[in-house]
Amino acid sequence: MNGPRILAVRLGAMGDIIAALPAVASLKHSIPHSKIVWAVEPKWSPLLEANPYIDSVLLFDRRTLAGLRKAWQDLRAARFDLGVDFQGLIKSALLASVARPERIFGFSTPHVREFPAAWFYSTKVSIRSPHAVERNLDLAAAAGASSILRTFPLPPGEPEGQLPKGDFVLASPLAGWGAKQWPLEHYAELARKLKRDCGLPLVLNAPYPIRMDGAETHVSGIPGLIHATRRATAVIGVDSGPTHLAAALLKPGVAIYGPTDPARNGPYGGTFTVLRSPTATTTYKRTEHPDVSMREITPNQVAEALETILSAANKRG
């Protein structure tokens, strides 16, 4: 029996794709015999590998004319009954429109990231939930997801680079823009404290080497990051994809927040302790250097929060 064909649009980035996983799973689980196609940029497609709630992936490579032409052809050739734009940008709404589904669901004008995106939607959904995961679930519910699954079906990952043989704490210092980053020099002091007080090495993951006294470097792509996160004893993060990955994998950790609001963009699931300066002001301006509120969180505060988490985990174990 053939069910409806559904186009889910969330092109990037890592944390945003992870935040949409439960919503897409809920659509698949709720709508009998549905076929789910997820449109995504090639860079982020490893996050969707082996996902049991997705029937196929449509790659949207906007870097080349050939990539754009291929995406256009694939969208035009397919027959979709329903499109759901989880991104709220003009490009994502336009992509859903090119597919010519009978209906396109998207966020209402106050909730889209670029207000003209809402012009493309046949159904504009008002959102009550503050957190990104719950907002996506609200949109999926409006599109027909009657049974909500708060699940994150992520792939196992693959070993890349060098990791310690024993336990370690993993940190990914980079973020989408500088204001969300914790000062790099703080990681050196944190590494010394973790080694001295907990006997654990600090491993810094990035797509390129980050040399830091006292810390180890782990260079990898997405599969290697997933593998390293699964192996880590705990995770130190900022408002970035690797933190949301760790939270989705239910790893314990500490998240350092400043200009962005953890109520909306914080790690989901309750395994992380969030540190945020009481003087922090919410802003999403993409400035180059760490926000002053990020600098106000000290290595001592992070180490103490992590020690509390590890102690509680040891007692449960």
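Just above sits the structure.
Quantities reported herein were computed from a predicted structural model and do not represent experimental measurements. (Residues numbered from 1 in each chain as written. Predicted model: local features only at pLDDT ≥ 70, side-chain atom pairs only at ≥ 80, totals over all residues. Heavy atoms only, no water.)

Novice: Help me out: how do you make sense of the packing of aromatic side chains in this one?
Specialist: Note on aromatic pairs: each is described by the distance of the centres and the angle between the planes. Taken as a whole and assessed by the stated rule, the structure comprises three aromatic pairs. Pairing Phe115 with Trp119 gives two aromatic rings, centres 6.0 Å apart and planes at 80°, and the pair type is edge-to-face. Relative accessible area serves as the criterion here: at 65%, Trp119 is assigned to the exposed category. In this structure, Arg5 packs its charged tip against the face of Phe80, placed 5.1 Å from the ring centre. Positioned over the ring face of Tyr284 is Arg264, at 5.2 Å from the centre of the ring. (Phe/Tyr/Trp six-rings, centres within 6.5 Å; stacked < 30°, edge-to-face > 60°. Buried < 20%, exposed > 50% of the residue type's maximum accessible area, 1.4 Å probe, protein only. Lys NZ or Arg CZ within 6 Å of the ring centre and 35° of its normal.)

Novice: What is the right way to read the sheet that holds strand E10 (residues 234-237) from this model?
Specialist: The strands making up a sheet associate through hydrogen bonds between their backbones, and the pairing can be parallel or antiparallel. Ordered in space as E9-E8-E7-E10-E11-E12, the six strands form an open sheet in which the pairing is parallel. Sheet topology places strand E9 (216-219) and strand E12 (272-276) at the edges, where each strand pairs with a single neighbour. Within this sheet the neighbouring strands show an average axis-to-axis angle of 25°, counted without direction. Taken together, the three bridges between E10 and strand E11 (residues 253-257) define a ladder with parallel strand orientation. Counterpart to Val235 in the pairing with E11 is Gly253. (Pairing = 2+ DSSP bridges. Helix = DSSP H or I, 4+ residues; strand = E, 2+ residues; numbered from the N terminus. Axes fitted to C-alpha atoms, helices over the stretch in contact; angles between N-to-C directions.)

Geometric values such as these leave the question of function open.
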